[in-house]
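Reading the structure
What follows is the residue order along each chain.
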Amino acid sequence: MDETINSIAEYRLIPEYLEKISEEGKIWLARAMVSILIVDKQLVNEEK
């Protein structure tokens, strides 16, 4: 079950898309990512 959940939740940031995001969008994305890590209370190697 964990494997299925991990593959559903997996995502990758594509550098070409990051270049197109506004500064405000980048700040929002960074805050969202930090919030996810805080709620998760874990940091695996892939997240570093």
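Predicted, not measured: the structure shown is a model, and the values here were computed from it.

1. Some details on the overall build of the protein
When helices and strands are tallied, the protein shows 3 helices and 0 strands. Tracing the protein from N to C terminus, the helices and strands come up as α-α-α. Taken over 48 residues, the protein has a buried fraction of 2%. When the accessible surface of the protein is totalled, it reaches about 4,900 Å², and 59% of it is carbon and sulfur.

2. Section: helix α3 (residues 23-40)
Given 3.6 residues per helical turn, the α-helix brings residues three or four places apart onto the same face. Here α3 spans 26 Å end to end across 18 residues, near enough to the 26 Å set by a 1.5 Å rise per residue. Positive backbone phi, at 60 degrees, marks Lys41, one or two positions downstream of α3.

3. Quick word on the environment of Leu29
Take Leu29: it is sitting in helix α3. Here the alpha-carbon distance between Leu29 and Leu18, two residues 11 residues apart in the chain, equals 9.7 Å. Discounting residues that sit within four places of it in the chain, Leu29 has contacts with Leu13, Leu18 and Ile21.

4. Looking at the pattern of salt bridges
A complete count under the given rule lists 1 salt bridge for this structure. Two residues, Lys26 and Glu23, come together in a salt bridge whose shortest N-O distance is 3.7 Å. Of this pair, Lys26 and Glu23 both sit in helix α3, 3 residues apart, which is roughly one turn of the helix. Overall, Lys26 belongs to the partly exposed group, its relative accessible area being 33%.

5. Regarding the confidence of the model for the protein
Of the residues in the protein, 71% reach a pLDDT of 70 or more, and the chain-wide mean stands at 75. Per-element mean pLDDT across the protein ranges from 51 in helix α1 (residues 2-9) up to 86 in α3.

What counts, and where the lines are drawn
- Residues numbered from 1 in each chain as written.
- Predicted model: local features only at pLDDT ≥ 70, side-chain atom pairs only at ≥ 80, totals over all residues.
- Heavy atoms only, no water.
- Helix = DSSP H or I, 4+ residues; strand = E, 2+ residues; numbered from the N terminus.
- Buried < 20%, exposed > 50% of the residue type's maximum accessible area, 1.4 Å probe, protein only.
- Areas by Shrake-Rupley, 256 points an atom, 1.4 Å probe, with all protein chains shown as cover.
- Expected span 1.5 Å × (residues − 1).
- Contact = heavy atoms within 4.5 Å.
- Salt bridge = Lys/Arg side-chain N within 4 Å of Asp/Glu carboxyl O.
- pLDDT = per-residue confidence, 0-100.

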